[in-house]
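Per-entry structural report
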Amino acid sequence: MKQEDLIWLCNAIGNLAGIPIRLYQAGKLVHYHAMVDLPRDPLCLCEEAVFAIREHVGYYVTPQFLYYGVVNAGENRIVLGPSRQIDLQEQQLREIAFLADVDSDDVPAFITGMKQIVHLPLESVIQMLCTVNFVLNSERLSLSDVTLRMHDHDTFLRRMAVQQLERDLAEENVDVHNTLAVEQTIMNIIRKGDVAALEQFAANAPAVRPGVMAADQLRQARNAFIVTVSLASRSAIRGGMDVEEALTTSDQYIQQCELLNDLAQISTLTYSMVLHYTGQVARIRLSGMTGTGQPPSVLITDVSGYIHRHLSNPITTEEIARHLYMSRQHLSRQFHRDAGMTLSAFIAKEKTEEAKRLLRYTDKSIAAIAAYLGYSSQGHFTRVFHRGTGITPGEYRQRHSK
């Protein structure tokens, strides 16, 4: 097919889907089309993984629950995406912009553009790609063909799952719900925010056997994950996590799990999910403890949740007070009484903790981190960081470099 015909096809698919689309030839980008304005293409965050797909039709799911679809035909590669099934919070979009090195002046436009991308189920994206594949490769593929090709051991797992189910049902006295004690242990760890206990438990985790919830082993793993994340979110709420944040996070993890077709990936996602909830509770509890051994107050929980959802903004006491429908003076007095520190000190502490993570696990410059966290300048960020840790951001990165 001629290049102009391929470009016409890309534009037609992009307009139909409402999702950015690209045409590569011999590895070089020759055409990009989008109905939204994105100052920087988020594909830059996962281009290597997307290009590693060699099947005629394939897809890639990012850690932020975005997905890209791919059609390969000779030297031509069409990449459609990103799309998603659920909304991302603005702070999540700001983090994507930060990781993609979007200029700070362009971040608002980037966020607006990402929000305007049409939400489509992954299945719909794959079906469109199968149509394009038929045009380019004269090959008829269905949705199941693509998922099976992406995970060539799936058929074997399904066959083994059916055999295992038959054995389970044949054993009259088997206890297929023997995970209760393990579940209670994990949920208590989450509720307490005990990251160290979780890591120790994971290192010596006993073998468990969940009750049969599906004849298909993959469906069984997904169902088990849904049960676990539901329990985890409620344990986190009991530990002080904001209700809306906990349940939204649960929805996002469930959507992510449904996109996975590999048992090992689901297992990894389960541990990541439990660790995430445990870490969130730990941060809240450690931030909110007053020395009495009591859980954080409702006010501390609400303030902490607001800060975590607005880490990229220059947060002020006035904004938090307005959000909580309180006067600035009452908020300041009550927070100091509950937390044992001023609200401004708490904000600085939380931003410093996030800065530590970024300095340790990303290669972003100190100036970029300062801008991402809403500081007016790198110098201001450095002063706040030094006040909280006793060292500069550069020194911290040197000490904790991977």
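Report follows, based on the coordinates. Once a new chain begins, its residue numbering starts again from 1 and follows that chain's sequence as written. Reporting in this predicted model follows two pLDDT cut-offs: at least 70 for local features of residues, and 80 or more for side-chain atom pairs to be given and counted; totals over whole chains, interfaces and linings ignore these cut-offs and use all residues. Side-chain descriptors were evaluated using all non-hydrogen atoms of the structure, hydrogens and water having been removed beforehand.

The next subject is the nonpolar core. The nonpolar core is taken to be a set of buried Ala, Val, Leu, Ile, Met, Phe, Trp, Tyr and Cys residues, with the residues joined through side-chain atoms within 4.5 Å. Summary of the burial criterion: residues with accessible area below 20% of their type's maximum are buried, those above 50% are exposed, and those between are partly exposed, where the area comes from a 1.4 Å probe applied to protein chains only. Judged by nonpolar contacts, the single largest core of 42 residues is most densely connected at Ile19, Ile78, Leu80, Phe110, Met114 and Val125. Ranked by the residues each element gives to this core, the list is headed by helix H5 (residues 122–137), at 7 residues. Ignoring anything within four residues of it in the chain, the contact list for valine 125 reads Ile19, Tyr67, Gly69, Leu80 and Leu120. In terms of nonpolar packing, the next biggest core, distinct from the first, is built from 24 residues, Met187, Leu198, Ala246 and Cys257 among them. By definition, any uninterrupted DSSP run of H or I lasting at least four residues is a helix, any uninterrupted run of E lasting at least two residues is a strand, and each is numbered from the N terminus. Contact criterion: two residues are considered in contact whenever any of their non-hydrogen atoms come within 4.5 Å of each other.

This brings us to the environment of glycine 81. Topologically, glycine 81 is positioned in strand S5 (residues 76–83). Considered as a pair, glycine 81 and valine 125 are 44 residues apart in the sequence and their alpha carbons are 8.7 Å apart. Those residues in contact with glycine 81 that sit more than four places away from it in its chain are Ile19, Pro20, Arg22, Tyr67 and Tyr68.

Where helices are involved, their axes are fitted lines through C-alpha atoms of the stretch in contact, as for all axes, and angles between N-to-C directions lie from 0 to 180°. It is at 9 Å that the axes of helix H10 (residues 217–238) and helix H11 (residues 243–259) come closest, and there the two elements cross at 170°. One finds that H10 runs roughly antiparallel with respect to H11. Residue-level inspection shows Arg219, Arg222, Phe225, Ile226, Val229, Ser233, Arg234 and Ile237 of H10 in contact with H11, the latter providing Val243, Ala246, Leu247, Ser250, Tyr253, Ile254, Cys257 and Glu258. Considering only residue class, the contact of H10 with H11 consists of 10 nonpolar, 2 polar and 4 charged. An angle below 35 degrees is treated as roughly parallel, one above 145 as roughly antiparallel, one from 65 to 115 as roughly perpendicular, and anything else as oblique. Under the grouping applied here, Gly and all other residues not named as nonpolar or charged are polar, the nonpolar ones being Ala, Val, Leu, Ile, Met, Phe, Trp, Tyr, Cys and Pro and the charged ones Asp, Glu, Lys and Arg.

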